[in-house]
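For reference, the chains in residue letters:
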Amino acid sequence: AEIVKLSGLVKRSENQNRLYDLFRHRIIFPIFQYGQDVVGFGGRSLGEGIPKYLNTPETELFSKRRNLYGLTQARESIREANSAILVEGYMDCIKLQQSGIKNVVASLGTALTEEQAHLLHRYSEKVIVLYDGDEAGQRETLRAISVLRSVDLKVEVVSLPPGKDPDEYIDIYGKEEFWQYIQNNRINHIEFKLNRCINTSKNLDMEAKISIIDILKEDIQSLSSALEKDHYVKLLAQKMRIEENLVYQEFQSAHNKRYSGQ
């Protein structure tokens, strides 16, 4: 009994001092490590059970921070495409893989971790973030961008219509239209952040414009290509209706302040 308890499959009841099945009344999703060994489980409630999704607790074999759902099935496709599609949910991952889009993985019910980003970088140079279209999904997209960029992965984003997740979109429109949607709506992480800043600003006044430039300058200046930098400066100026040379001046001003110790 103690071995089963250590595996995270059962838990001791606080009230009745007996063991019970942690995943009772749930659909079970086996979580594989890259060697195809099952190291844990996810469980989705069949009713109103809380929480909706439950993972195996941390054990000697299983750590949410260091695993990605679907990687065992997706890793060869990720290598071939040199690109991974990152989704939030188990069902999103399963539905995309079943529809023929094989290079898909999901984080394990928590915010993306640096360990998971490093794991992705073992197989690919680029990640396409495909999270839910609601506000929570878009906030998590920003967090994922930060984590993925911290390990030098190239990042693109596909934003679904508000209220839609990948699983639902495929059900409504079919896999061909979904694949076309991905291809037609992929944008660089900088453009996603710019759009997000503009859309969440109440008034695009002078203060907001300065703030947006400040938020994006590090992303743009970190680009290795001068052509890329110029492209995003032009995009920034165009979307905020200001002169390009003013954007460059703001960048230069920030650079001078940083190196003069101000």
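Thresholds applied
- Residues numbered from 1 in each chain as written.
- Predicted model: local features only at pLDDT ≥ 70, side-chain atom pairs only at ≥ 80, totals over all residues.
- Heavy atoms only, no water.
- Helix = DSSP H or I, 4+ residues; strand = E, 2+ residues; numbered from the N terminus.
- Buried < 20%, exposed > 50% of the residue type's maximum accessible area, 1.4 Å probe, protein only.
- Contact = heavy atoms within 4.5 Å.
- Areas by Shrake-Rupley, 256 points an atom, 1.4 Å probe, with all protein chains shown as cover.
- Lys, Arg positive; Asp, Glu negative; His and termini not counted.
- Charge placed at Lys NZ, Arg CZ, Asp CG, Glu CD.
- Pairing = 2+ DSSP bridges.
- Axes fitted to C-alpha atoms, helices over the stretch in contact; angles between N-to-C directions.
- pLDDT = per-residue confidence, 0-100.

**A short note on the overall build of the chain**
No. 1: When helices and strands are counted, the chain shows eleven helices and ten strands.
No. 2: Seen along its three principal axes, the alpha-carbon backbone of the chain occupies a region of about 70 × 45 × 35 Å.
No. 3: Counting all 262 residues of the chain, 43% fall into the buried class.
No. 4: A fraction of 60% describes how many contacts in the chain between residues 6 or more apart in sequence connect residues 24 or more apart.
No. 5: As presented, the chain carries roughly 14,900 Å² of accessible surface, and 48% of it is formed by carbon and sulfur atoms.
No. 6: Computing the positive centroid from 35 side-chain charges and the negative centroid from 37, the chain places the two 3 Å apart.

**A short note on the pairing of strand β6 (residues 83-87)**
No. 1: Of all five residues making up β6, five are buried, and the element is well covered by its neighbours.
No. 2: Pairing of β6 with strand β8 (residues 126-129), which is carried by four bridges, proceeds in the parallel orientation. Pairing of Ala84 across the sheet is with Val127, part of β8.
No. 3: Relative to strand β7 (residues 104-106), β6 runs parallel, the two sharing three bridges. Pairing of Leu86 across the sheet is with Val105, part of β7.

**With respect to the sheet that holds strand β4 (residues 38-45)**
No. 1: On the basis of which strands lie adjacent, the open sheet formed by three strands has the order β3-β4-β5 and antiparallel pairing. Strands with a single pairing partner mark the edges of an open sheet, and in this sheet they are β3 (26-32) and β5 (53-55). With direction set aside, neighbouring strand axes in the sheet form an average angle of 25 degrees.
No. 2: Pairing geometry for β3 and β4, over seven bridges, is antiparallel. Considered in β4, the bridge of Phe29 is made with Gly42.
No. 3: On top of the sheet, helix α3 (residues 90-98) reaches β3, β4 and β5; it is set at about 70 degrees to β3, its chief contact.

**Side note on the confidence of the model for the chain**
No. 1: Averaged over every residue, the pLDDT of the chain is 88; residues scoring 70 or more account for 95%.
No. 2: Of all the helices and strands in the chain, helix α1 (residues 2-6) carries the lowest mean pLDDT, 71, while β8 carries the highest, 98.

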